[in-house]
Amino acid sequence: MPIVNTILPDFSPQVAIALWRIEESEEQLLALCREADIPTLSLLSGLSHSKRRIECMAEHLLIHSLIGADYRLLHNDNGMPLLDGSNLCISISHTKHYVVVALSKHTIGIDIEMCQPKILRVRSRFLSEAEQSEISPDSLPLNTAAWTAKEALYKAIGVSGIDFANDVTIDAPQLVASPKAYTCRFANRHFLLHTIYEAEFAFTLAVENKE
């Protein structure tokens, strides 16, 4: 059976996150999709790689676990997911062994990444000088968390050509001290962030706060 965790961030009861560690084979996922009446033939058409088919089925099973079977997942011209005919915003991310889906009535973005040492070598590309001074260069989980924060914000902002290091800044001290509820601003827009990081992976949800 799938391993699914549903997480409700402390700051926003109007957001639901479903996280799945994929341990099933492609055949097992196909069986689960059929049990849930998810149309695998149309979903998997054109997906030649097994890894992508597995990710696709897992993300649809997660969506089904949150809102049931009555949905249609589309993508806009920028490749961002959307639910046709729904007032819910959706964001999806995958990394090795994991898929995460977030749903909300607010504008959102989510990102998940495995903790890999290469992130420490490129941190100057996505952290400002001020952020680098607050986040230890030796902390793999924290630097991975910061990367997911920037990527989640990029998805939520929805503007191309953003310089991660300088255009999007996070409250690094808050990320270190209180990762489950901290803030970010982009231009005149305000975002709330929720980050979870462990030894193996990190993920961040960014939610636009229009209040």
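Engineer: Is there a simple way to think about the side chain of Thr-148 in this case?
Structural biologist: Within the secondary structure layout, Thr-148 lies in helix H6 (residues 140–157). When its relative accessible area of 0% is taken as the criterion, Thr-148 is described as buried. Those residues within four positions of Thr-148 in sequence are excluded, and the remaining contacts are Asp-111, Ile-112, Glu-113, Ala-202, Phe-203 and Thr-204.

Engineer: Before we go on, may I ask you to explain the environment of Ile-170 in this structure?
Structural biologist: On the secondary structure map, Ile-170 appears in strand E8 (residues 169–170). Overall, the relative accessible area of 7% leaves Ile-170 in the buried class. With 17 residues separating them in the primary sequence, Ile-170 and Leu-153 have C-alpha atoms 9.3 Å apart. When sequence neighbours within four positions are dropped, the list of residues in contact with Ile-170 reads Glu-131, Ala-146, Ala-149, Lys-150, Leu-153, Leu-175, Tyr-182, Thr-183 and Leu-193.

About the thresholds
- Each chain carries its own residue numbering, running from 1 in the direction its sequence is written.
- A pLDDT threshold of at least 70 governs which residues receive local features in this predicted model, and a stricter bar of 80 or more applies before side-chain atom pairs are shown or counted, although totals over entire chains, interfaces and linings include all residues.
- Excluded from the side-chain calculation are hydrogens and water; included are all heavy atoms of the structure.
- Helical segments are the DSSP runs of H or I of at least four residues, strand segments are the runs of E of at least two, and each set is numbered from the N terminus.
- Buried, partly exposed and exposed residues are distinguished by accessible area as a fraction of the type maximum, computed with a 1.4 Å probe on protein chains only: under 20%, between the cut-offs, and over 50%, respectively.
- Only heavy atoms enter the contact rule, under which two residues are in contact if any of them lie within 4.5 Å.

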